[in-house]
2 protein chains.
Amino acid sequence: MNTTTAQLINATELLAHWQGHRALTRRVIEAFPEKELFNYSIGGMRSFAGMVMELLGIGAPGIQEIATGKITELNEHFEGITQKEQLLKLWDEATETINTYWEQIPEEKFSEEITVFGQYKGTTWSSIFYFIDNEIHHRGEGYVYLRSLGITPPFFFERA
Amino acid sequence: MNTTTAQLINATELLAHWQGHRALTRRVIEAFPEKELFNYSIGGMRSFAGMVMELLGIGAPGIQEIATGKITELNEHFEGITQKEQLLKLWDEATETINTYWEQIPEEKFSEEITVFGQYKGTTWSSIFYFIDNEIHHRGEGYVYLRSLGITPPFFFERA
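Note that the coordinates shown come from a computational prediction; the quantities given were computed from them, not determined experimentally. (Residues numbered from 1 in each chain as written. Chains lettered and ligands numbered in written order. Predicted model: local features only at pLDDT ≥ 70, side-chain atom pairs only at ≥ 80, totals over all residues.)

1. Digging into the relation of the copies chain A and chain B
Logical step 1: Here chain A sits on chain B after a turn of 180° about the axis and a move of 0.0 Å along it, with an RMSD of 0.0 Å. With respect to symmetry, the two chain copies, as superposed, fit the operation of a two-fold axis.
Logical step 2: Looking at the interface residues of chain A, 97% of them are also at the interface in chain B, so both copies use one shared face. (Least-squares fit on C-alpha atoms with pLDDT ≥ 70 in both. Contact = placed C-beta atoms within 7 Å.)

2. Some words on helix α5 (residues 124–148) of chain A
Helical periodicity: at 3.6 residues per turn, an α-helix aligns residues three or four positions apart in one direction.
Residues and elements named next belong to chain A.
Logical step 1: End to end, α5 covers 37 Å across 25 residues, agreeing with the expected 36 Å (1.5 Å per residue, within 8%).
Logical step 2: Here α5 lies mainly inside the structure; 19 of its 25 residues are buried.
Logical step 3: G150, located one to two residues past α5, shows a positive phi value of around 80°. (Helix = DSSP H or I, 4+ residues; strand = E, 2+ residues; numbered from the N terminus. Expected span 1.5 Å × (residues − 1). Buried ≥ 20, exposed ≤ 12 C-beta atoms within 10 Å, placed from the backbone.)

3. Here we look at the packing of helix α1 (residues 11–31) of chain A against α5 of chain A
All names here are of chain A.
Logical step 1: Between α1 and α5, the least distance of the axes is 10 Å, while the angle of their chain directions is 25°. Looking at the two axes, α1 sits roughly parallel to α5. Considering how the two elements wind past one another, α1 and α5 form a crossing that is left-handed. Here W18, H21, T25, V28 and A31 of α1 lie close against α5, whose contacting residues are I132, E135, I136, R139, G142 and L146.
Logical step 2: Residue composition of the contact of α1 with α5, by class: six nonpolar, three polar and two charged. (Axes fitted to C-alpha atoms, helices over the stretch in contact; angles between N-to-C directions. Parallel < 35°, antiparallel > 145°, perpendicular 65-115°, else oblique. Left-handed = near helix turned anticlockwise from the far one by under 90°. Nonpolar A, V, L, I, M, F, W, Y, C, P; charged D, E, K, R; others polar.)

4. Looking at the interface of chain A and chain B
Logical step 1: Facing the 35 residues of chain A at the interface are 34 residues of chain B.
Logical step 2: For the side of chain A that touches chain B, the class distribution of residues is 14 nonpolar, 15 polar and six charged.

5. Overview of the confidence of the model for chain A
Logical step 1: Within chain A, residue pLDDT values average 94, and 97% of them lie at 70 or more.
Logical step 2: Across the predicted assembly, pTM comes out at 0.96 and ipTM at 0.95. (pLDDT = per-residue confidence, 0-100.)

6. Topic: the environment of Y130 of chain B
All names here are of chain B.
Logical step 1: Tracing the chain through its elements places Y130 in helix α5 (residues 124–148).
Logical step 2: For Y130, a count of 19 C-beta atoms within 10 Å gives the class partly exposed.
Logical step 3: Separated by 71 residues in the primary sequence, Y130 and G59 have C-alpha atoms spaced 9.7 Å apart.

7. A word on the nonpolar core
Logical step 1: Within the largest apolar cluster, 42 residues are counted, with the highest numbers of intra-cluster contacts made by F48 and V52 of chain A together with F48 and V52 of chain B.
Logical step 2: Going through the elements one at a time, α3 (48–68), α4 (84–102) and α5 of chain A together with α3 (48–68), α4 (84–102) and α5 of chain B are the ones with two or more residues in this core.
Logical step 3: Apart from the residues within four sequence positions on either side, F48 of chain A is in contact with F32, L37, G142 and Y145 of chain A.
Logical step 4: Counting 16 residues, the second largest nonpolar core, distinct from the first, contains I9, I128 and F129 of chain A together with W18 of chain B. (Core = buried A, V, L, I, M, F, W, Y, C linked by C-beta atoms within 7 Å.)

As structure tokens, then:
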């Protein structure tokens, strides 16, 4: 007889939670005017496109590394990306990459200690939570950019 | 013979994760000059103190309601809070309240469907993730306020 421990959250639920956030981030990218997406800044910070490139450098490559064990170097710069459509295309490709490699992570690996991008130590879950939290953080910054441009951002609670 | 399912994350880890975020949010409150904490705004948004009051209205009361099952009305306004010290005191009291009531939530309850503040439906975990994500979101907005005031915010990755 097996007694299973109730899962607080399972891997499928966590992926759906993240992809819901990623769908919202995509709408925030879309909400920016073409020019301001790449050039607008407050207080000496990066453009929102610059922040999105950081997210693109972390999310899909991070999950690929966790799934395969093959260490990659952190790269947050994407040459030649100067248009919203290019950024959205990279975003959609990352969505697929995350879904593909996520399936290859065994559930028991989530509590294991790992090192990501050859330098960041934590458990698998804490690493993935960092990816998600970092996205929410920068997207929150993007909301202020939009508001200061007179643009109403998408609702925070809409994730579909 | 019992076979236990590996937990992706357990309740103790999730609490520590959130309290780590809450410690960072406390440092962001501290980083604001007294006056700007309550008066500074970009793009017609609330002051950071206004956002913090929303967080205070959600986090501790939400956990208390989840633990006790006693429905409370969502209250995001705190009368007479006009100083940083008052806000930090409320923050620290919320830290204790969250810790106290968290212990009273059985682990199996995290996957159950609940309604919070008498109106928001979800699982226990998705409700709590909302509390955390909403805090990260508004704190990200606060980072832009600080940067635009010429103040360097605390490191996002420091949570102790």
